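Residue-level structure breakdown
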Amino acid sequence: NWGWRGCRLKLKKLTIKKNFFTHLGCYCVVNSGLLILSLTLFGSMIPLLVVGTSWGIGLGCHYISAVSNLKLDNKDIKLLEREVEFIKSKMLKDE
């Protein structure tokens, strides 16, 4: 039972995922609108390509950051579990 630490860790993971999917949703909505505007107003895809590509690079970096933060949290859990087991074994030896 992890108690409040486990809840904080789960909340942190949920926040990381929520922020990424919010960013992804905004990217899709804005680029869909840009596609319509580009084709109707400009008759060209160049504005969409410029914005979509540069924002896509940022979105890719956000994805890499989110995934790496989620993986680090899993490592932290394993380290905490080892530490708890070590402390338990020390306490049992002392008794």
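Scroll up a little and you will see the structure.
Our subject in this report is the structure included herewith. None of these values were measured; they are calculated from a predicted model.

**Remarks on a nonpolar patch on the surface**
- On the surface, a nonpolar cluster with roughly 340 Å² of combined accessible area is contributed by L35, L39, M45 and L49.
- Along the chain, L39 turns up in helix α1 (residues 3-42).

**Here's the deal with the nonpolar core**
- Within the largest apolar cluster, 5 residues are counted, these being I16, F20, L59, A66 and L70.
- For this core, the elements supplying multiple residues, two or more each, are α1 and α2 (46-94).
- With near-sequence residues (within four places) excluded, A66 lies in contact with I16 and F20.

**A closer look at the packing of aromatic side chains**
- A full pass over the atoms with the stated rule returns 3 aromatic pairs.
- The interplanar angle of 85 degrees and the centroid separation of 5.5 Å between the aromatic rings of Y27 and W55 together place this pair among those described as edge-to-face. Taken together, the residues Y27 in helix α1 and W55 in helix α2 connect sequence positions 28 residues apart.
- Counting every residue linked through ring pairs, the aromatic cluster contains F20, F21 and Y63.

Here is what the cut-offs are and how they apply
Residues numbered from 1 in each chain as written. Predicted model: local features only at pLDDT ≥ 70, side-chain atom pairs only at ≥ 80, totals over all residues. Heavy atoms only, no water. Patch = residues over 30% accessible without salt bridge, like charges linked within 9 Å, V, L, I, M, F, W, Y side chains within 5 Å. Areas by Shrake-Rupley, 256 points an atom, 1.4 Å probe, with all protein chains shown as cover. Salt bridge = Lys/Arg side-chain N within 4 Å of Asp/Glu carboxyl O. Helix = DSSP H or I, 4+ residues; strand = E, 2+ residues; numbered from the N terminus. Core = buried A, V, L, I, M, F, W, Y, C linked by side-chain atoms within 4.5 Å. Buried < 20%, exposed > 50% of the residue type's maximum accessible area, 1.4 Å probe, protein only. Contact = heavy atoms within 4.5 Å. Phe/Tyr/Trp six-rings, centres within 6.5 Å; stacked < 30°, edge-to-face > 60°.

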